[in-house]
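Descriptive structure summary
The chain contents come next:
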Amino acid sequence: MDQFASCWSCLRDADSLVSSPAETVCKTDAESHKCKRPSSPASFFVNRAAVRMMEKNAYGRIVNIASIAGKEGNPNASAYSASKAAVIGLTKSLGKETATTGIRVNCVTPAAIKTPLFDQMTQQHIDFMLSKIPQGRFGTLKEAASMICWLASEECSFSTGAVFDLSGGRATY
């Protein structure tokens, strides 16, 4: 990171679901490690590096992308849900740790967002996801981008350690 002069905002997202949707938990320790690894340790290391750079300027915005699964838990996705809960916990803790600086750390917890990933899903699975969203539709990439852009902006000056739902009413807490 030394080659970069400064860092003002950092967006951290990584999704990987290694276990098949039909499995309740990853079957082996090695598989469980793969299921959790993309979100938990990577988010920690990226956030740590970003904060170190942002501290030099006493300013920065970190936006982590978790999932509604990290708040509610999704059936047949325990490792994924646990890794997203870890991202939420990291965001809350780091937001408090940097609260007296100009650095703000927040995360977005989307429900399902309509992307090309849907092409890999069965209609039954898509219908199940939709049934959980009170608005009766999936989120859009534009809606997600708008929220993320605000969180990464100077206008987001009084929110830190917060979890912003993008769930169509699925999460109301």
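These numbers were taken from a predicted model, which means no experiment stands behind them.

Points about unusual backbone geometry
Excluding glycine, residues mostly carry a negative phi; peptide bonds, for their part, are mostly trans. Phi at Ala 58 takes a positive value of approximately 55°, unusual for a residue other than glycine. Tracing the sequence through the fold places Ala 58 in the loop between α2 (40–57) and β2 (60–65). The phi angle at Asn 76 is positive, at roughly 65°, despite the residue not being glycine. Within the secondary structure, Asn 76 is located in the loop between α3 (69–72) and α4 (78–97). Residue Asn 76 is classed as partly exposed on the basis of its relative accessible area, which comes to 35%.

What about the environment of Gly 95?
For Gly 95, the location among the structural elements is in helix α4. Along the primary structure Gly 95 and Ser 159 are separated by 64 residues, whereas in three dimensions their C-alpha atoms are 8.7 Å apart. Not counting the four nearest positions on each side in its chain, Gly 95 is found in contact with Val 105, Thr 160 and Gly 161.

Regarding the confidence of the model for the protein
Residues with a pLDDT of 70 or more make up 77% of the protein, whose mean pLDDT is 83. Segment residues 1–5: pLDDT under 50, and three contacts once partners within four positions in sequence are set aside and those in other chains are kept. Counted against residues more than four places away or in other chains, residues 14–26, with its pLDDT under 50, gives 29 contacts.

Conventions and cut-offs
Residues numbered from 1 in each chain as written. Predicted model: local features only at pLDDT ≥ 70, side-chain atom pairs only at ≥ 80, totals over all residues. Heavy atoms only, no water. Helix = DSSP H or I, 4+ residues; strand = E, 2+ residues; numbered from the N terminus. Buried < 20%, exposed > 50% of the residue type's maximum accessible area, 1.4 Å probe, protein only. Contact = heavy atoms within 4.5 Å. pLDDT = per-residue confidence, 0-100.

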